[in-house]
Amino acid sequence: MGLRCGMRTTKCQQLVTSLCVMLLGLSIATLSTVTHYGLHFTLISNISLESNSYRVIHHAAFYFGICLSMTLILAALLSSAATVRESQCLTAMGFFCFALAFCGLIPAACWRYTHSTEVEDSMMDVYDLVYEEVRRNASSFRRHELTAIHDAFLCCGKHSPFGDTANVESKTCPSGQVRDAGQDCLQQIQDFLKKHMDFVFTLLGITIGFTIYGMILTSFLWFSIHFSSNLDRKGKYILRGR
């Protein structure tokens, strides 16, 4: 009776965990798509510079997010089906998908922790290079790119040690935009990305927690099915004549 009650409790927890993991997978897919096609990110990524390291991060993050979300959704579907059908094969496949997602989540979280400002720095470097090119040559085609960045981030110019920024800002800043003396575009970009990356890191942390819990539940479910395949089912009886 105790084993049967524990099995039912595990099944309920597994179904709830699978639902949460599926929602997390959909959230990661949505966030990856928004990040990849969002105006703020595509503006910086599409700027053709030889040293545009942000473009590599931009594309790598999108493909990683899509693959991770698909793995999580598949793990949730397999574990749900395994719970309902009490299938050892489906349970093992669900565990494998959870483990695969875990192996992708841990390096991503570690990379964010060890390279805490790399995304912000790469995007600000692109803006800095475009701004300085426009400052040296006001008729450069980069002026349209700089204007688009100012419009997207609702900022105007930057604090330059070389001075002579009024001419650049008068031609590239949004009309009626008054530059705050205490904040420039570099600061705006940094603040925007910090909020975005903090949200991404929080989502990764929650996903790691549910992934570990899903691995534990699928392991327990597999062993329960293995040692008691007829648990929670009606037995089969063979009547023998006397």
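This one's a predicted model, so the numbers in the text were calculated from it and none came from an experiment. (Residues numbered from 1 in each chain as written. Predicted model: local features only at pLDDT ≥ 70, side-chain atom pairs only at ≥ 80, totals over all residues. Heavy atoms only, no water.)

Observations concerning the state of the cysteines
- Evaluation of the coordinates by the stated rule reveals one disulfide.
- Covalently, Cys155 is tied to Cys185 through a disulfide, its sulfur atoms 1.9 Å apart. Here the S-S torsion is close to 100°, and the disulfide linking Cys155 with Cys185 is therefore right-handed. One end of the pair, Cys155, is in the loop between helix H6 (142–153) and helix H7 (166–172); the other, Cys185, is in helix H8 (residues 185–227), and 30 residues separate them in sequence. Pair check on accessibility: Cys155 and Cys185 agree, each one buried. (Disulfide = S-S within 2.5 Å. Helix = DSSP H or I, 4+ residues; strand = E, 2+ residues; numbered from the N terminus. Buried < 20%, exposed > 50% of the residue type's maximum accessible area, 1.4 Å probe, protein only.)

Here we look at the packing of aromatic side chains
- This structure, assessed with the given rule, holds six aromatic pairs.
- Between Phe41 and Phe192, the ring centres sit 5.6 Å apart and the planes meet at 45°, which makes this aromatic pair tilted. One end of the pair, Phe41, is in helix H2 (residues 39–45); the other, Phe192, is in helix H8, and 151 residues separate them in sequence.
- Overall, the relative accessible area of 28% leaves Phe192 in the partly exposed class.
- Put simply, the rings of Tyr37, Phe62 and Tyr63 pair up and form one aromatic cluster. (Phe/Tyr/Trp six-rings, centres within 6.5 Å; stacked < 30°, edge-to-face > 60°.)

Notes on the packing of helix H4 (residues 88–114) against H8
- Between H4 and H8, the least distance of the axes is 8 Å, while the angle of their chain directions is 155°. Judged by the inter-axis angle, H4 sits roughly antiparallel to H8. Seen along the crossing, H4 lies across H8 with a hand that is left-handed.
- Across the contact of H4 with H8, the residue classes break down as 19 nonpolar, eight polar and two charged. (Axes fitted to C-alpha atoms, helices over the stretch in contact; angles between N-to-C directions. Parallel < 35°, antiparallel > 145°, perpendicular 65-115°, else oblique. Left-handed = near helix turned anticlockwise from the far one by under 90°. Nonpolar A, V, L, I, M, F, W, Y, C, P; charged D, E, K, R; others polar.)

Some points on the confidence of the model for the protein
- Summarising the model, the protein shows a mean pLDDT of 84, and 83% of its residues fall at 70 or more.
- Per-residue pLDDT stays below 50 along residues 231–235; that stretch engages in eleven contacts with residues further than four places along the chain or on separate chains. (pLDDT = per-residue confidence, 0-100. Contact = heavy atoms within 4.5 Å.)

With respect to the environment of Thr10
- Tracing the chain through its elements places Thr10 in helix H1 (residues 2–37).
- Considering only alpha carbons, one finds Thr10 and Phe220, 210 residues apart in sequence, at a separation of 8.0 Å.
- Ignoring sequence-local partners within four residues, the contact set of Thr10 consists of Leu217 and Phe220.

Some remarks on a nonpolar patch on the surface
- Judged by side-chain polarity, Leu19, Leu23 and Leu26 come together as a nonpolar surface patch covering roughly 280 Å² of accessible area.
- For Leu19, the location among the structural elements is in helix H1. (Patch = residues over 30% accessible without salt bridge, like charges linked within 9 Å, V, L, I, M, F, W, Y side chains within 5 Å. Areas by Shrake-Rupley, 256 points an atom, 1.4 Å probe, with all protein chains shown as cover. Salt bridge = Lys/Arg side-chain N within 4 Å of Asp/Glu carboxyl O.)

Description of the nonpolar core
- Grouped together as the largest cluster of nonpolar side chains are 26 residues, with contacts concentrated most on Met123, Tyr127, Val130, Leu146, Phe153 and Ile189.
- At the level of elements, H2, helix H3 (53–85), helix H5 (118–136), H6 and H8 are the ones that each hand at least two residues to this core.
- Element by element, the count of residues in this core is highest for H5, at eight residues.
- Not counting residues within four places of it along the chain, the set of residues in contact with Met123 comprises His40, Phe41, Ile44, Tyr54, Phe153, Ile189 and Leu193.
- Ranked by size, the runner-up nonpolar core spans 23 residues in total, among them Ala101, Ala108, Ala109 and Ile208. (Core = buried A, V, L, I, M, F, W, Y, C linked by side-chain atoms within 4.5 Å.)

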